[in-house]
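Summary of structural features
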Amino acid sequence: MSEGNNNAGYKIRQTLLAVQTIQNRIQELGQQITQDYAGQELVLVGVLKGSLYFMADLSRAIDQPLMLDFMTIGTIPNTTNQTGIVRITKDLDVDITGKHVLLIEDIIRTGLTTAYLVQNLKARQAASVKVCSLLVNPDQQLINVPIAYSGFEITQTWLVGYGMDIGEKGRNLPYIAEIDRNGRT
Amino acid sequence: MPILTISRQMGSLGDEIAHEMARRLGWDLLDHTQLTSRFFAEGITERERHSLSESARFFLNVAPDGQTYIDHLERGLNQLAEEKSLILLGFGSQVIFADHDEAVHVRITAPADIRLERVKKQFNATDENASQMLDQADRRHRRFVATLFGVDSADESLYHLVLNTGFLSVTEAAETLTALLNIRKIRQEQPEQSKKPVQAANGKIHFKNKSEAEFARILDMHQIEWKYEPRTFPVEWDAEGNVTLAFSPDFYLVQFDTYLELTTMNQRYVTEKNKKLRRVRELYPGTHIKIVYKRDFQTLIERFSHIGTAGQP
């Protein structure tokens, strides 16, 4: 896999989490989730696009029947403010009423988006809503969203790979790398 | 020159009355902090200055000029009192000027339950926290005056007048003091037009800067319930138990029981905020409080100003 070629728009500084490291941790998480949700109706809800690969690998590491669905959050511009308006641009297709929902995130930074989604899902009368994130950055976390399952704690800010992008590129790297911010193109 | 000394309990409205009297009389108002900074402006280290604000006993040490800190301060204060009319708040000044011909000494008190309610409201504190703050302040007040002057500041025989703001408003207390000063022909009241107008609050939130307003919008669009500066955490007290440093975080996130302080300022201010934040965590265990640094704030703004997927703020 090319590490930041001319078209990538970023330059990799170092590999943070190797392929096998990620996969080993996902197996552990999968076993734990299998135990915790034994006999319960489980729906994994992935937040697109970042959770794509994590969702795919984690769901296959969980040894029990489950449903998969995805949500996408988007920002639409607002002419009167610097910031836009957050909207769910792709909503769930399955009915989660009475079911146990596990929200799958690639990374939790401030926790704002996760908090928004958790509130939104809880309002739909799910039996429970918990969060599973591959990466958590406690230094950046502003909101104490309870995270039931987390893969790795990180401190680095600029990351790419395994679903995370820089300008929509780099998601398909099988590992997670720290990029050189100055090397962004 | 005339002197009005005011000894007060925390939550008794003593500070408010002192300021009201300063406004009416046009006299200089000096409290513990101003006294120490005025009379120890030079020649002492930061550590010594800190000790002067924290410890009564430290005033009994010998200062660089060969006399004790308290002697140095008393001498300077007596000299100042010859030149200016003064309102002295706390510091045992009722003892220093006990025999002064033109001094009036007043003590401001209030019933315990009323003081508790005032402190709860002022600092948005719980019953338990407010009660602890009052106990601590009372102990420190009494210990300070007892250590330096060997008297009990609660002893009513030290005062011309003891005013109970459980029954009296700030205005009534100020009127009473003004009347006493007039009877003793100590002063003439300032003309009415010199009084500053009282500005009424209109209930609207006025953010201190655009960043705060923008951050509030980001919280709104995530449907996160917030309150603006709902609570003040006292973090430092002087030796008399008066609050000398407090921290009012910008936002409180109700569902997440988390306080956030936004900073988009220079590093030296950030350092000061970090210090306050550490003190809040030490003094109020279990309080969730975080600083949103300039870099993080800009990242948030950048992410939410893009069209398309919001990414992961």
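Residues numbered from 1 in each chain as written. Chains lettered and ligands numbered in written order. Predicted model: local features only at pLDDT ≥ 70, side-chain atom pairs only at ≥ 80, totals over all residues.

So, the overall build of chain A
Filter applied, for reference: Numbered from the N terminus, helices here are DSSP runs of H or I no shorter than four residues, and strands are runs of E no shorter than two. In this scheme every C-beta is placed from the backbone, and a residue whose C-beta has 20 or more other C-beta atoms within 10 Å is buried, one with 12 or fewer is exposed, and one in between is partly exposed. Here contacts are defined at the residue level, using C-beta atoms placed from the backbone and a cut-off of 7 Å between them.
Secondary structure assignment for chain A yields three helices and nine strands. Overall, chain A shows an N-to-C arrangement of helices and strands of β-α-β-α-β-β-β-α-β-β-β-β. Going through the 185 residues of chain A one by one, you find that 41% of them count as buried. The contacts of chain A with a sequence gap of at least 6 include a subset with a gap of at least 24, amounting to 65%.

Regarding the pairing of strand E7 (residues 233-237) of chain B
Residue and element names in this part refer to chain B. Let me state the cut-off plainly: A pair of strands counts as paired when DSSP detects no fewer than two bridges linking them.
As defined by bridge partners, E7 adjoins strand E8 (residues 243-247) across four bridges and the pair is classed as antiparallel. Residue pairing for E8: Phe233 is matched across the bridge by Phe247. Once E7 ends, the chain turns through five residues before running back antiparallel as E8, passing Gly241 with a positive phi of about 90°.

A word on the nonpolar core
The tendency in soluble globular proteins is for nonpolar side chains to be buried side by side. Applicable threshold: For this entry, the nonpolar core is defined as buried Ala, Val, Leu, Ile, Met, Phe, Trp, Tyr and Cys residues connected by C-beta atoms within 7 Å.
One finds Leu103 and Ile104 of chain A to be the most contacted residues of the largest nonpolar core, which totals 65 residues. When neighbours within four sequence positions are excluded, Leu103 of chain A is seen to be in contact with Val45, Val47, Leu117, Val118, Leu121, Val129, Val131 and Cys132 of chain A. One finds Ile6, Leu25, Leu52 and Leu86 of chain B within the second-largest nonpolar core, a separate group that totals 39 residues.

Some thoughts on the packing of helix H1 (residues 14-25) of chain B against helix H8 (residues 170-183) of chain B
Residue and element names in this part refer to chain B. Stated formally: Lines are fitted to the C-alpha atoms to define the axes, a helix being fitted only along its stretch in contact, and any angle between axes, read from their N-to-C directions, falls within 0 to 180 degrees. For classification purposes, an angle smaller than 35 degrees is called roughly parallel, one larger than 145 roughly antiparallel, one from 65 to 115 roughly perpendicular, and anything else oblique. Two helices cross in a left-handed way if the nearer one is turned anticlockwise from the farther one by less than a right angle. They cross in a right-handed way if the turn is clockwise. Only Asp, Glu, Lys and Arg are considered charged in this grouping, and only Ala, Val, Leu, Ile, Met, Phe, Trp, Tyr, Cys and Pro are considered nonpolar; every other residue, Gly among them, is considered polar.
One way to put it is that H1 packs onto H8 with a least axis distance of 9 Å and a crossing angle of 55°. Considering the angle they form, H1 stands oblique to H8. Seen from above, H1 lies across H8 with right-handed handedness. Across from Glu16, Ile17, Glu20, Met21 and Arg24 in H1, the residues of H8 making contact are Val170, Ala173, Ala174, Leu177 and Thr178. Here the residues of the contact of H1 with H8 are counted per class, giving six nonpolar, one polar and three charged.

Focus: the environment of Leu29 of chain A
Residues and elements named next belong to chain A. Structurally, Leu29 is set in helix H1 (residues 19-36). Leu29 sits in the buried class, given 20 other C-beta atoms within 10 Å. Excluding residues within four positions of it along the chain, Leu29 makes contact with Leu58, Ala61, Cys132, Tyr149 and Gly151.

Looking at the sheet that holds strand E11 (residues 288-292) of chain B
Residue and element names in this part refer to chain B. Across the sheet, four strands lie side by side as E6-E9-E10-E11; this open sheet has mixed pairing. Every interior strand has two partners, whereas the edge strands, strand E6 (226-228) and E11, have only one. Mean inter-strand twist for the sheet, computed between neighbouring axes without regard to direction, equals 25°.

Considerations on the packing of H1 of chain A against helix H2 (residues 52-61) of chain A
Residue and element names in this part refer to chain A. Interhelical geometry of H1 versus H2 gives an angle of 50° and a closest axis separation of 8 Å. Between H1 and H2, the interaxial angle falls into the category oblique. Once H1 is placed against H2, the crossing between them reads as right-handed. The segment H1 lies against H2, with Gln23, Ile26, Gln27, Leu29 and Gly30 engaging Asp57, Leu58 and Ala61. Of the residues contributing to the contact of H1 with H2, the split by class is four nonpolar, three polar and one charged.

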